[in-house]
Amino acid sequence: MNSMPPSHPFDDDKLREECGIFGVVGVQDASTFVALGLHALQHRGQEAGGIVSHDPQLGFNQARRFGYVRDNFTSQKIMETLPGPLSIGHVRYSTSGSKGQTAIRDVQPFFGEFSMGGAAIAHNGNITNANALRRELIERGSIFQSSSDSECIIHLMARSLQRTIPERMEDALRRVEGAFSVVAMTRTKLIGVRDPLGVRPLVLGKIGDGWALSSETCALDIIGAEYVREIEPGEMVVINEEGVESRFPFRSRKSRFCIFEHVYFSRPDSILGGRSVYETRENIGRELAKESPVEADLVCPVPDSGTPAAIGFSLESGIPYAMGIIRNQYMGRTFIEPTEQIRNMGVRLKLNVNRALIKDKRVILVDDSVVRGTTSRKIKEMILDAGAKEVHFRIASPPTAWPCFYGVDTPQREKLLAATMSEEEMRAHLAVDSLKFISLDGLYRAVGEANGRNAGNPQYCDACFSGEYPVEPADMLEQGFRLKTAAE
C-alpha cells in the first residue's frame with residue numbers, strides 16, 4: 001500500500017487527528033451524502049475510508065477502501081452497492097494497531113449482527129482501557145477481527161443483556177474509558193454519542209426531511225445541511241423518521257473538549273463550541289504578537305495551517321503579511337522517493353520559498369506547532385537559503401511536551417522536542433534568531449476564556465501541553481508510561 005500524504009505538506013512532523021465520522025438518515029441514497037461528508041472531513045484522516053448503508057429491501061451493505069474518498073467513493077460502481085436512506089462512514093489515520101500498515105479489516109465502520117438485528121459503528125477517539133477490555137472479552141470467547149480498539153464496543157454490545165441496540169450501546173460505552181465520539185446505525189436508526197468529557201467533536205445537522213451527524217460543521221456545509229447544534233458531552237441521540245430523541249446515559253462530568261481541535265485539527269471554516277475556528281486562530285496570532293513581539297519586515301505563515309494565526313499576528317503587530325512560502329497545491333503522494341538524496345529534496349516538491357520577497361528581509365514565520373522539530377529546521381534552512389536576514393519563529397500553540405492518548409497520533413514522549421528541551425534550547429537546536437510559543441493562558445484567552453486557564457479545573461483537555469490527563473490512560477500506565485509528577 002502506498003502511504004498517503006497528510007493534509008500538512010510535511011509528513012513527519014505534525015500531530016495527526018485520526019478520524020472523521022459522518023452519518024445520514026432519512027434521505028434518498030444516503031451513502032452519497034456520506035461520501036461527500038467524508039470528503040469534507042478528509043483532513044481528519046487520509047489513510048482509508050469506509051461506508052455502511054442499509055436498505056429495507058437489500059439490508060446492510062458496506063465498502064472499505066484505502067486512500068482518499070475522492071479516489072474511491074466517487075465511483076458509480078461502488079456507490080450503487082450502498083443503497084438506502086440510512087448510512088454512516090469513517091475516514092481514518094491509524095492510532096492503534098500497526099501504524100501505516102493498516103489491514104483493510106481495521107477500516108471502520110465495524111458491523112455486527114445481534115439477536116435483534118445488525119448494527120454498524122464508527123468511532124473517533126481512543127479507548128484508554130482497550131487492552132484490558134480486549135483481554136477480558138477474548139477470555140470470555142469473543143473473536144476479534146481487527147486490531148482496532150473500536151471493535152471492543154461491538155463485542156461489549158453483543159454481550160449486553162439489554163433489549164434494544166441503543167440500550168446495548170449505552171451498556172457497552174459505560175465500560176469504555178477515554179475519548180469517544182461515535183456514530184452508529186441500526187436498520188432504522190442513526191445514533192450519535194459523545195463521551196462524558198466531550199473530548200472529540202460531534203454535531204447535528206438537518207437535511208431536508210432527514211438528519212446528519214458529523215465530526216465538524218464544514219461537512220454539513222458541503223451537503224447543504226443546516227447546522228442545528230453540537231451533541232452535548234455525555235449525550236446520546238437516537239434519530240429515526242420520527243425525529244431526534246436525546247438521553248444522557250453517563251454520570252455528568254465537566255466538559256473537557258480538546259483544545260488542539262481549535263489550534264490545528266479542525267478546518268478553519270468549521271464552528272466549534274459556537275466559535276469560528278478561523279477567528280480563534282486569528283486571535284491566537286494576535287495573542288502571540290502581544291506576548292512575543294519582535295521587530296521584523298514580514299510575517300509569513302507556514303502553509304496552510306499557520307495562515308490564520310499569521311494574519312492575526314500581522315494585524316496586531318502592524319508588520320505586513322506575506323506569502324513567503326508557497327505550497328504546491330497538486331502535491332499528491334510524494335511521487336519519487338528512491339534515494340536518500342531525493343528524500344532530502346522531497347520538501348521542495350511540497351513547499352517553495354518566494355525568493356524575491358524573502359531576500360534581505362527579517363522574517364517572522366508562524367506555524368501551528370513544533371512536534372519533533374524536523375520540519376521547522378528544513379523550513380528555516382529554505383528561508384535562509386533564499387537570503388533572509390533573520391528568521392523568527394512564532395508558534396500558535398504551547399510546546400507539545402506530552403503524548404495524546406485520546407485519539408491523536410503523537411510520537412513517544414522522548415521524541416517530542418519540548419519534552420527534553422527548554423524554549424531557549426529549542427531555539428538553539430533550530431538555530432533561529434528567536435523562537436516563542438503562545439502561553440497556555442494566551443491560548444485559553446484566544447478561545448474566549450478572558451481570564452485564561454483555570455489551573456484547578458481546566459476548561460479544555462490540554463494534556464499534550466500540560467501533562468494533565470483528564471482520563472487516566474490505563475493501558476499506557478500498564479505499559480510503563482509515567483504521569484507528570486508534582487515537581488514537573
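From a predicted model like this one, the values you see are computed outputs, not experimental measurements. (Residues numbered from 1 in each chain as written. Predicted model: local features only at pLDDT ≥ 70, side-chain atom pairs only at ≥ 80, totals over all residues. Heavy atoms only, no water.)

## A short note on the overall build of the protein chain
Turning to step 1, where the next piece is worked out: If you tally the helices and strands in the protein chain, you get 18 helices and 25 strands.
Turning to step 2, where the next piece is worked out: Its C-alpha atoms give the protein chain a radius of gyration of 23 Å, within 12% of the compact-globule value 23 Å for 488 residues.
Turning to step 3, where the next piece is worked out: For the protein chain, the spread of C-alpha atoms along the three principal axes comes to 70 × 55 × 45 Å.
Turning to step 4, where the next piece is worked out: In the protein chain, which comprises 488 residues, the share counted as buried stands at 59%.
Turning to step 5, where the next piece is worked out: Restricting the contact set of the protein chain to residue pairs at least 6 apart, pairs at least 24 apart contribute 69%.
Turning to step 6, where the next piece is worked out: Carbon together with sulfur atoms contributes 48% to the accessible area of the protein chain, which is approximately 19,800 Å² in total.
Turning to step 7, where the next piece is worked out: Of the charged side chains in the protein chain, 57 are positive and 63 negative; the average position of the first set lies 3 Å away from that of the second. (Helix = DSSP H or I, 4+ residues; strand = E, 2+ residues; numbered from the N terminus. Rg over C-alpha atoms; globule rule 2.2 N^0.38 Å. Buried < 20%, exposed > 50% of the residue type's maximum accessible area, 1.4 Å probe, protein only. Contact = heavy atoms within 4.5 Å. Areas by Shrake-Rupley, 256 points an atom, 1.4 Å probe, with all protein chains shown as cover. Lys, Arg positive; Asp, Glu negative; His and termini not counted. Charge placed at Lys NZ, Arg CZ, Asp CG, Glu CD.)

## Section: the side chain of serine 150
Turning to step 1, where the next piece is worked out: Of note, serine 150 is situated in the loop between helix 4 (130-139) and helix 5 (151-159).
Turning to step 2, where the next piece is worked out: A polar contact of 2.9 Å, which involves the side chain of serine 150, links it to the side chain of histidine 123. (Polar contact = N/O pair within 3.5 Å; in protein donor to acceptor, adjacent residues only side chain to side chain.)

## Considerations on the sheet that holds strand 9 (residues 190-194)
Turning to step 1, where the next piece is worked out: Taken together, 6 strands build an open sheet; the order of strands is 6-7-8-9-13-14 and the sheet is antiparallel. Of all the strands in the sheet, the pair left with one neighbour each is strand 6 (110-114) and strand 14 (243-247). The mean angle between the axes of side-by-side strands here comes to 20°, regardless of whether they run parallel or antiparallel.
Turning to step 2, where the next piece is worked out: Both strand 6 and strand 7 (residues 117-127) contribute to a ladder of 5 bridges, which runs antiparallel. In the sheet register, glutamate 113 faces strand 7, and the bridge partner there is glycine 118.
Turning to step 3, where the next piece is worked out: Lying over the sheet, helix 5 contacts strand 6, strand 7 and strand 8 (178-185), oriented at roughly 5° with respect to strand 6. (Pairing = 2+ DSSP bridges. Axes fitted to C-alpha atoms, helices over the stretch in contact; angles between N-to-C directions.)

## Considering a nonpolar patch on the surface
Turning to step 1, where the next piece is worked out: Residues Tyr321, Met323 and Ile326 make up a contiguous nonpolar surface patch of roughly 260 Å² in combined accessible area.
Turning to step 2, where the next piece is worked out: Among the secondary structure elements, methionine 323 is positioned in the loop between helix 10 (307-317) and strand 19 (325-327). (Patch = residues over 30% accessible without salt bridge, like charges linked within 9 Å, V, L, I, M, F, W, Y side chains within 5 Å. Salt bridge = Lys/Arg side-chain N within 4 Å of Asp/Glu carboxyl O.)

## What about the pattern of salt bridges?
Turning to step 1, where the next piece is worked out: Under the counting rule described, the total for this entry stands at 27 salt bridges.
Turning to step 2, where the next piece is worked out: A salt bridge links glutamate 136 to arginine 175; its shortest N-O distance comes to 2.9 Å. Taken together, the positions of glutamate 136 in helix 4 and arginine 175 in the loop between helix 6 (165-174) and strand 8 put the pair 39 residues apart, joining distant regions of the chain.
Turning to step 3, where the next piece is worked out: With a relative accessible area of 22%, glutamate 136 lands in the partly exposed category.
Turning to step 4, where the next piece is worked out: Through salt bridges with shared partners, a single network forms among Glu170, Asp171, Arg174, Glu245 and Arg247.

## Notes on the packing of helix 9 (residues 277-291) against helix 10
Turning to step 1, where the next piece is worked out: Between helix 9 and helix 10, whose axes approach to 6 Å, the crossing angle comes to 45°. Taken together, the axes of helix 9 and helix 10 are oblique relative to one another. Note on packing geometry: the crossing formed by helix 9 with helix 10 is right-handed. Where helix 9 abuts helix 10, its residues Tyr278, Arg281, Glu282, Gly285, Arg286, Leu288, Ala289 and Lys290 lie against Pro308, Ala309, Ile311, Gly312, Phe313, Leu315, Glu316 and Ser317.
Turning to step 2, where the next piece is worked out: Grouping the amino acids of the contact of helix 9 with helix 10 by side-chain chemistry returns 8 nonpolar, 3 polar and 5 charged. (Parallel < 35°, antiparallel > 145°, perpendicular 65-115°, else oblique. Left-handed = near helix turned anticlockwise from the far one by under 90°. Nonpolar A, V, L, I, M, F, W, Y, C, P; charged D, E, K, R; others polar.)

## Things to note about the packing of helix 4 against helix 5
Helix-helix packing is characterised by the crossing angle of the two axes and by the distance between the axes.
Turning to step 1, where the next piece is worked out: It is the contact of helix 4 with helix 5, at a shortest axis distance of 10 Å, that shows an interaxial angle of 45°. Between helix 4 and helix 5, the angle falls in the class oblique. Taken as a pair, helix 4 and helix 5 cross one another with a handedness that is left-handed. In this structure, helix 4 contributes Ala130, Leu133, Arg134 and Leu137 to the contact, and helix 5 contributes Cys152, His155, Leu156 and Arg159.
Turning to step 2, where the next piece is worked out: For the contact of helix 4 with helix 5, the per-class residue count stands at 5 nonpolar, 1 polar and 2 charged.

## As for helix 13 (residues 374-385)
Turning to step 1, where the next piece is worked out: Along its 12 residues, helix 13 runs 17 Å from first to last C-alpha, staying within 8% of the 16 Å computed at 1.5 Å per residue.
Turning to step 2, where the next piece is worked out: Remark: glycine 387 follows helix 13 within two positions and exhibits a positive phi of approximately 95°. (Expected span 1.5 Å × (residues − 1).)

## Let's talk about the side chain of threonine 280
Turning to step 1, where the next piece is worked out: Here threonine 280 lies in helix 9.
Turning to step 2, where the next piece is worked out: Taking the relative accessible area as the measure of exposure, threonine 280 reaches 0% and is therefore buried.
Turning to step 3, where the next piece is worked out: Apart from the residues lying within four places of it in its own chain, the contact partners of threonine 280 are His262, Arg275, Ala446 and Val447.

## Examining the packing of aromatic side chains
Any pair of aromatic rings gets described here by the distance separating the centres and the angle formed by the planes.
Turning to step 1, where the next piece is worked out: Going through the model one piece at a time under the given rule, you end up with 13 aromatic pairs.
Turning to step 2, where the next piece is worked out: Consider the rings of phenylalanine 260 and tyrosine 264, whose centres lie 6.3 Å apart with planes at 70°: the pair is edge-to-face. Separated by 4 residues within a single helix, phenylalanine 260 and tyrosine 264 lie in helix 8 (residues 260-265), roughly one turn from each other.
Turning to step 3, where the next piece is worked out: For phenylalanine 260, a relative accessible area of 2% corresponds to the buried category.
Turning to step 4, where the next piece is worked out: For the cation-ring pair, arginine 134 lies above phenylalanine 144, with the distance from its terminal atom to the ring centre recorded as 4.3 Å.
Turning to step 5, where the next piece is worked out: Stacked on the ring of tryptophan 402, the Lys or Arg arginine 413 has its end atom at 3.6 Å from the ring centre. (Phe/Tyr/Trp six-rings, centres within 6.5 Å; stacked < 30°, edge-to-face > 60°. Lys NZ or Arg CZ within 6 Å of the ring centre and 35° of its normal.)

## Things to note about unusual backbone geometry
Turning to step 1, where the next piece is worked out: A cis amide bond, omega 0°, links glutamine 108 with the succeeding residue proline 109.
Turning to step 2, where the next piece is worked out: With respect to the secondary-structure elements, proline 109 resides in the loop between strand 5 (86-92) and strand 6.
Turning to step 3, where the next piece is worked out: Here the bond from proline 303 into aspartate 304 is cis, since omega is -10°, no more than 30 degrees from zero.
Turning to step 4, where the next piece is worked out: A positive phi angle, close to 65°, is found at aspartate 360, a residue other than glycine.

## As for the pairing of strand 21 (residues 362-367)
Turning to step 1, where the next piece is worked out: With 5 of 6 residues buried, strand 21 is to be regarded as a mostly interior element.
Turning to step 2, where the next piece is worked out: When strand 21 meets strand 22 (residues 390-395), the two strands line up parallel, connected through 6 bridges. Its bridge partner being in strand 22, aspartate 367 is matched across the sheet by isoleucine 395.

## Here we look at the confidence of the model for the protein chain
Turning to step 1, where the next piece is worked out: The pLDDT averaged across the protein chain works out to 90; a share of 91% of its residues lies at or above 70.
Turning to step 2, where the next piece is worked out: Segment residues 1-11 is flagged for pLDDT under 50; beyond a separation of four residues in sequence, or across chains, it makes 43 contacts in the model. (pLDDT = per-residue confidence, 0-100.)

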